[in-house]
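So you can see what is in the structure, the chains are spelled out below.
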Amino acid sequence: MKKRLAALAAAAALCLAAGCDDLGQRVDYDAMVRETLAREYSFTADVAYNGTSATVQVKKTGAGDLQLDFTAPPSMEGLSVTAAGEDLTVRFRGMEVDISAYAIPAQSALTLLREVLAGEKPAKLDIQEDDQTVTASGSILLTSYDLTFDKETMALTRILIPSVEGDAEITDFVFLDGEQASAS
């Protein structure tokens, strides 16, 4: 009897270490990452990019529309950028400018953030998991990125774009439909 219990405990430990759910099925974190990014959500991010720091509230709606509202530093407070389809609207201190998304450089923070959150993903993302997080790695526009998610809720917690020294620590991530994703 003790040998059976030990064997069962060992099998359960192996299953947990391999990322299985309660039924012994492997969790498809690639699909869960794609599902999370396809949904509508909002978050606050403390962003560092090529030596510049800012705090921005991000809201993703539809297939890829983004609303970015900067709250810090004081020199950027009130800056608002709306990206809808191929159109961008920039509002700041009573001025409003409409421009094409193609007028923004491919390696700009806005273009990279938009592509990472709403752009086409490679056929297969490189997925790494540990006890608490899932990290999805991919590449866009000749640069690589890492997206880190809370393993239990699939809330996005960090965006890292090493080639441009881009790092966004994310707080207050919520799905706009009010439902949570879960890995089990």
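Scoring rules and cut-offs
- Residues numbered from 1 in each chain as written.
- Predicted model: local features only at pLDDT ≥ 70, side-chain atom pairs only at ≥ 80, totals over all residues.
- Heavy atoms only, no water.
- Helix = DSSP H or I, 4+ residues; strand = E, 2+ residues; numbered from the N terminus.
- Polar contact = N/O pair within 3.5 Å; in protein donor to acceptor, adjacent residues only side chain to side chain.
- 1 Å grid on protein atoms, 1.4 Å probe; cavity = no way out; pocket = protein on both sides within 12 Å on 5 of 7 lines; lining within 4 Å.
- Points joined across faces, edges and corners; volume = space filled by probe spheres on them.
- Nonpolar A, V, L, I, M, F, W, Y, C, P; charged D, E, K, R; others polar.
- Pairing = 2+ DSSP bridges.
- Axes fitted to C-alpha atoms, helices over the stretch in contact; angles between N-to-C directions.
- Phe/Tyr/Trp six-rings, centres within 6.5 Å; stacked < 30°, edge-to-face > 60°.
- Buried < 20%, exposed > 50% of the residue type's maximum accessible area, 1.4 Å probe, protein only.
- Lys NZ or Arg CZ within 6 Å of the ring centre and 35° of its normal.

Draft legend 1. Structural detail: the environment of Arg 34. In this fold, Arg 34 is placed in helix H2 (residues 29-38). Considered as a pair, Arg 34 and Leu 117 are 83 residues apart in the sequence and their alpha carbons are 9.8 Å apart. A polar contact is formed between the side chain of Arg 34 and the side chain of Asp 30, at a distance of 2.8 Å.

Draft legend 2. Structural detail: the layout of surface pockets. What the largest pocket holds in volume is close to 500 Å³. Together, 26 residues line the largest pocket, and Val 47, Tyr 49, Phe 70, Ala 109 and Leu 110 are the ones closest to its centre. Elements supplying a minimum of two residues to the lining of the largest pocket: strand S1 (41-49), strand S2 (52-61), strand S3 (65-72), helix H3 (109-118), strand S10 (156-161) and strand S11 (166-175). A class-by-class count of the residues in the lining of the largest pocket yields 21 nonpolar, four polar and one charged.

Draft legend 3. View of the sheet that holds S2. Strand order in the open sheet formed by eleven strands is S6-S5-S4-S3-S2-S1-S11-S10-S9-S8-S7, with antiparallel pairing between adjacent strands. Two strands in the sheet have a free side with no partner beyond their single neighbour: strand S6 (95-100) and strand S7 (126-129). Neighbour-to-neighbour, the strand axes of this sheet turn through a mean angle of 20°, independent of strand direction. Across eight bridges, strand S8 (residues 133-140) lies against strand S9 (residues 143-150) in antiparallel orientation. Counted as the bridge partner of Val 134 is Phe 149 from S9.

Draft legend 4. How the structure looks around the packing of aromatic side chains. Summed over the entire model, instances satisfying the criterion amount to four aromatic pairs. Judged by centre distance (6.2 Å) and plane angle (20°), the rings of Tyr 41 and Phe 43 are stacked. On the basis of relative accessibility, which here comes to 3%, the residue Phe 43 falls in the buried class. Taking 6.2 Å as the distance between ring centres and 15° as the angle between the ring planes, the aromatic pair formed by Phe 43 and Phe 173 counts as stacked. Of this pair, Phe 43 sits in strand S1 while Phe 173 sits in strand S11, and the two are 130 residues apart along the sequence. Residues Phe 43 and Phe 173 agree in their burial class; the two are buried. In this structure an aromatic cluster arises from ring pairing among Tyr 41, Phe 43, Phe 173 and Phe 175. The aromatic ring of Phe 175 is capped on one face by Arg 39, whose charged end is 3.7 Å from the ring centroid.

Draft legend 5. Representation of H3 in the model. Of all ten residues in H3, seven are buried, a share of seventy percent or more. Of the residues making up H3, those classed as buried are Leu 110, Thr 111, Leu 112, Leu 113, Arg 114, Val 116 and Leu 117.

Draft legend 6. Representation of the pairing of S9 in the model. In textbook terms, the turn of a hairpin is the stretch between consecutive antiparallel strands, and for S8 and S9 this stretch comprises two residues, one of which, Leu 141, has a positive phi near 45°. Bridge count between S9 and S10: four bridges; the pairing is antiparallel. Along S10, the bridge assignment pairs Asp 146 with Leu 160. Between S9 and S10, which follow one another and run antiparallel, lie five residues, and Met 154 among them has a positive phi close to 60°.

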